[in-house]
Amino acid sequence: MAAIIHVKDLSKAFGEITAVSGLSFQVPEGQVYGFLGQNGAGKSTTIRMLLTLVTPSSGSIEIFGLDLFKHRKEILRQVGAIIERPDLYKYLTAYENLKLFATMSGVRATRQKILEQLTMVGLQDRADSKVKTFSQGMKQRLGIATALIHDPRLIILDEPTNGLDPQGIADVRNLILHLSREKGKTLVISSHLLSEMELIADSMLIIDKGKKVVEGLSKELLNPDTLHVELITGDKQRTLAVLKESEWKSNILDSKDESILVMMPAASVPMLNRLLVEKGVHVFSIRPKNSLEDYFLSLTRN
Amino acid sequence: MLQLLRIELYKIFKRPRTYIAFIVITAIILLLQIALKADGKEYVGMMMSGMDDSFFAPPTEVLNGYTVCFIILNLLLIHVPILVALIAGDMISGEANMGTLRLLASRPASRIELLLVKFLAATIYTLALLVWVALLALGVSILLFGTNQMVIPREFEFNIIDTGDVFWRYMAAFAFASVGLITVASLAFMLSTFVDNSIVPVVGTVCVIIIFTILTQIQIPFYDSVEPYLFTTHMLGWKGFFYVKGEEGITIDGSVENLPAVLKSGAVLLGYSLLFLGIAIWHFRRKNILS
């Protein structure tokens, strides 16, 4: 599948602070691409660079096969986004906000079209209410509608479920899946709600301290048959030596702190335990990590 | 661009705070007109007390719509800039504060387009405010006090301008004042690109006006060399249209005593406006939008 976003060696420093460092990734067209990282990991800075709000210190960004900074207008016409909080004009109505952002995106939206968008996010009855009377969840949904009003090919949503109740989160999840599966849109979604991302993301990128930790298809990263096993033993160096002589030598993912992260089939876990014991290694813990949260924490806890 | 401008104007005139300036101006002008209507003869008597004995005109004739408008503008045109700063200083920083700047800047319009459209909208607002001042200060004063020869107090004398020679002078003075107010709007607008809240540009602009005005009025020789470079000095240039040439004590219709000085002041104000706008564009193009 062709990449709709191609980011290469992207870096951004604010004075002495490096927010993003040498980040490269590709977003395949038609997919929901999850963008994960802790607070301060560099997600928002990266998204702001994708939207030309922040100028990169170095690196390149191509969207739709075009250089973002040379073809900004052409590209952004086909991009819809909400960034962090969906702040809108509080003294205008929902209808007026949508009309305004449609015009800003170069689209003449009819009342019919605007009402359709409002219906899609469940705000059809509040079209003529001022945004200052809206709850946080309603503002969030209206923010999503402003991102979609010009029917963009690429949708970038930064924390789209912030401030939503469980029903609201489920509604946004269904909307994202609808846009991806039914309308063929490409969505880049940054979120800290890992359980939500597990449900919707086709591919994922995890970043930490501005650097890529891992990127891949969700089904591969979270395959229940292929576990991410966290291993804690009495002798880390000896354990690593044993692993490097074993059939799992190419499966060692990480060994930053006292633990070692190994990817292996679920059926092989007892064999690994037996091997380590036979080699005289004291095994304190072997813990499969098959949820995204476990996986995420194991990769980013340092 | 036209669509973007319509959006900006729509946003400005949909905000309740936009009308504060119009309400304040209306209140001040009406209060002055009421006071002059009630007790204007005494005010004119005071105004004429230091003048040559050869000049005599009944205070009722001196106190006409044209003179009242001149008195109002003298008192008001130093305060209108503060009201202009309220809106112009909010154009970029207000969007940053609301969190809408990132939404605007991630749409296809370029940063320069966005900035120019916002500046143009602030300029239109400024002109609308000035038209309102003109309608109230001149239009309502003429309705209340009628028209007659206009008496302009000078340092040691008075200029008397014929009734038929006044109206164009007001039009020219309002056009000049609009250039002065646009300079103030440019300053507030420029400051608003540097910060993410509206208070700093508004207060900053007001402080600059107050400091510059004090420096303009202060009678210390050291500041004489600074005065020509302060834009507030040139903002008073509108009065130049009411200082007329005279020949053997008779003023010449259609004349302006020192037109080159008036035009120079206008050019200086325009230059300052372009400088402030240029700095705003230079900064905003490079700005990382993090709000």
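Every value quoted in this text rests on a predicted model; they were computed, and no experiment measured them.

### Concerning the overall build of chain B
Summing up its helical and strand segments, chain B has 13 helices and 4 strands in all. The C-alpha radius of gyration computed for chain B amounts to 21 Å, which stays within 12% of the reference 19 Å derived for 291 residues, consistent with globular compactness. Taken along the three principal axes of its C-alpha coordinates, chain B extends 70 × 40 × 30 Å. A buried classification covers 51% of the 291 residues belonging to chain B. Counted over contacts in chain B with a minimum sequence separation of 6, partners at least 24 positions apart contribute 78%.

### With respect to the overall build of chain A
When you go through chain A residue by residue, the secondary structure sums to 11 helices and 14 strands. With respect to the three principal axes, the spread of C-alpha positions in chain A is 75 × 40 × 35 Å. Relative to its full complement of 302 residues, chain A shows a buried share of 53%. Restricting the contact set of chain A to residue pairs at least 6 apart, pairs at least 24 apart contribute 67%. With the model as given, the accessible surface of chain A reaches about 13,200 Å², and the carbon-plus-sulfur share is 48%.

### Describing the sheet that holds strand β3 (residues 32-36) of chain A
Residues and elements named next belong to chain A. Across the sheet, which stays open at both edges, the 6 strands sit in the order β6-β7-β8-β3-β9-β10 with mixed pairing between neighbours. Edge positions in the sheet fall to β6 (79-82) and β10 (211-217), since each has one partner strand and no second. Going across the sheet, the axis of each strand differs from the next one's by a mean of 15°, ignoring polarity. Taken together, the 6 bridges between strand β9 (residues 203-208) and β10 define a ladder with antiparallel strand orientation. Bridge pairing links I206 to V214 in β10. Together, β3, β7 (154-158) and β8 (186-190) form the strand contacts of helix α6 (residues 166-181), whose direction differs from that of β8 by roughly 150°.

### With respect to the packing of aromatic side chains
All names here are of chain B. Taken as a whole and assessed by the stated rule, the structure comprises 20 aromatic pairs over all chains. For the ring pair F70 and F242, a centre distance of 5.2 Å and an interplane angle of 70° mean the geometry is edge-to-face. A residue pair is termed long-range when its members are at least 10 positions apart, and F70 in helix α4 (residues 65-76) and F242 in the loop between α12 (231-235) and β3 (246-247) qualify at 172 residues. Like F70, the residue F242 is buried in the burial classification. Considering the side-chain rings of F176 and F241, the 6.5 Å spacing of their centres and the 70° angle between planes classify their relative orientation as edge-to-face. Taken as a pair, F176 in helix α9 (residues 167-192) and F241 in the loop between α12 and β3 lie far apart in primary sequence, 65 residues in all. Taking the relative accessible area as the measure of exposure, F241 reaches 10% and is therefore buried. These aromatic residues form a ring-pair network of at least three members: Y66, F70, Y170, F174, W238 and F242. Over the face of the ring belonging to F145 we find K37, whose NZ or CZ atom lies 5.1 Å from the ring centre. Above the face of the F284 ring, R111 is positioned so that its terminal group lies 5.6 Å from the ring centre.

### Brief notes about the interface of chain A and chain B
Taken residue by residue, the interface counts 32 residues in chain A and 28 residues in chain B. Both faces considered, chain A and chain B share a buried interface measuring about 2,900 Å² in area, 56% of it formed by carbon and sulfur atoms. Along the contact surface separating chain A from chain B lie 3 salt bridges. R102 of chain B is the salt-bridge partner of D87 of chain A, the closest N and O atoms lying 3.1 Å from each other. For the pair chain A and chain B, the number of links is 19 residue pairs in polar contact (both at pLDDT 80 or more). At the level of secondary structure, the elements contributing two or more residues to the side of chain A that touches chain B comprise β1 (3-14), α2 (72-76), α3 (94-104) and α5 (136-148) of chain A. No other element matches α3 of chain A, which puts 5 residues into the side of chain A that touches chain B. Tallied by class, the residues present in the side of chain A that touches chain B amount to 15 nonpolar, 6 polar and 11 charged.

### Quick notes on the nonpolar core
If you look at the biggest cluster of nonpolar residues, it comprises 166 residues, and the most contacted ones within it are I5 of chain A together with Y170 and F242 of chain B. The element contributing the most residues to this core is helix α8 (residues 111-145) of chain B, with 15 residues. Sequence-distant contacts of Y170 of chain B, defined by excluding residues within four places in its chain, comprise Y66, C69, F70, L73, L138, M150 and F242 of chain B.

### Remarks on the confidence of the model for chain A
With 94% of its residues at a pLDDT of 70 or more, chain A shows a mean pLDDT of 86. Helix α11 (residues 292-300) of chain A is the least confidently modelled element of chain A, averaging 68 in pLDDT, while strand β5 (residues 66-67) of chain A averages 94, the highest of any element.

### A few points about the confidence of the model for chain B
On average, residues of chain B carry a pLDDT of 86, and 93% of them reach 70 or more. The complex prediction reports pTM at 0.83, with the ipTM value standing at 0.79.

### Topic: the pattern of salt bridges
Per the stated rule, a full pass over the model turns up 18 salt bridges over all chains. Counted as one network, the salt bridges with shared partners bring together E8, K11, E95 and K118 of chain B.

### A few points about the packing of α3 of chain A against helix α1 (residues 2-14) of chain B
For the pair α3 of chain A and α1 of chain B, the least separation of the axes is 9 Å and the interaxial angle reads 155°. With respect to their mutual orientation, α3 of chain A and α1 of chain B come out roughly antiparallel. Here α3 of chain A and α1 of chain B pass one another in a crossing that is left-handed. On α1 of chain B, the residues touching E96, L100, T103 and M104 of chain A of α3 of chain A are Q3, L4, I7, Y10, K11 and K14 of chain B. When its residues are assigned to classes, the contact of α3 of chain A with α1 of chain B shows 5 nonpolar, 2 polar and 3 charged.

### Some points on the pairing of strand β11 (residues 226-233) of chain A
Residue and element names in this part refer to chain A. Of all 8 residues making up β11, 7 are buried, and the element is well covered by its neighbours. In this structure, β11 lies alongside strand β13 (residues 259-265), joined through 7 bridges in antiparallel fashion. From the neighbouring strand, E230 faces β13, where its bridge partner is L261. Sheet analysis places β11 next to strand β14 (residues 283-289), joined by 6 bridges and oriented antiparallel. Across the sheet, residue V229 finds its bridge partner in β14, namely P288.

### Quick word on a nonpolar patch on the surface
Judged by side-chain polarity, I20, V24, I28 and L86 of chain B come together as a nonpolar surface patch covering roughly 270 Å² of accessible area. The topology assignment puts I20 of chain B in helix α2 (residues 18-48).

Quick notes on the rules
Numbers given to residues run from 1 along each chain, matching the order in which its sequence is written. Each chain takes a letter, starting from A, and each ligand takes a number, starting from 1, following the order in which they are written. Thresholds applied to this predicted model are a pLDDT of at least 70 for local features of residues and 80 or more for the giving and counting of side-chain atom pairs; totals over whole chains, interfaces and linings are not thresholded and use all residues. Excluding hydrogens and water, the side-chain figures rest on all heavy atoms present in the structure. Elements are defined by DSSP. Helices are runs of H or I of four residues or more, strands are runs of E of two residues or more, and each kind is numbered from the N terminus. Every radius of gyration here is taken over C-alpha atoms, with the globule rule written as 2.2 Å times N^0.38, N being the number of residues. Only protein chains enter the accessibility calculation, which uses a 1.4 Å probe; a residue is then buried when its area is under 20% of its type maximum, exposed when over 50%, and partly exposed in between. By definition in these notes, contact holds between two residues if any of their heavy atoms fall within 4.5 Å. The Shrake-Rupley method, run with a 1.4 Å probe sphere, supplies the accessible areas, and residue values consider only the shown protein chains as cover. DSSP calls a pair of strands paired once it identifies at least 2 bridges connecting them. Orientation is described by axes fitted as lines to C-alpha atoms, over the contacting stretch for helices, and by angles from 0 to 180 degrees between their N-to-C directions. Each Phe, Tyr or Trp ring, with Trp reduced to its six-membered ring, pairs with another whose centre is within 6.5 Å; inter-plane angles below 30 degrees give stacked pairs, above 60 give edge-to-face pairs, and intermediate values give tilted ones. In our convention, an over-ring charge means Lys NZ or Arg CZ found within 6 Å of a ring centre and within 35 degrees of that ring's normal. Simply put, the buried area is the total loss of 1.4 Å probe accessible area from both parts when two parts are fitted together. The working definition used for a salt bridge is a side-chain nitrogen of Lys or Arg within 4 Å of a carboxyl oxygen of Asp or Glu. Definition of a polar contact: a pair of N or O atoms within 3.5 Å, with one able to donate and the other able to accept a hydrogen when the atoms are protein atoms, and with sequence-neighbouring residues admitted only if both atoms are side-chain atoms. Residue polarity is assigned by list, with Asp, Glu, Lys and Arg as charged and Ala, Val, Leu, Ile, Met, Phe, Trp, Tyr, Cys and Pro as nonpolar; anything else, Gly included, falls into the polar class. Buried Ala, Val, Leu, Ile, Met, Phe, Trp, Tyr and Cys residues that are joined via side-chain atoms within 4.5 Å together make up what is termed a nonpolar core. Values of pLDDT, which run from 0 to 100, indicate the predictor's confidence residue by residue. For this classification, under 35 degrees means roughly parallel, over 145 means roughly antiparallel, 65 to 115 means roughly perpendicular, and everything else is oblique. Take the far helix as your reference; a near helix turned counterclockwise from it by less than a right angle gives a left-handed crossing, and one turned clockwise gives a right-handed crossing. Surface patches are drawn from residues lacking salt bridges whose relative accessible area is over 30%; two like charges belong together within 9 Å, two nonpolar side chains (Val, Leu, Ile, Met, Phe, Trp, Tyr) within 5 Å.

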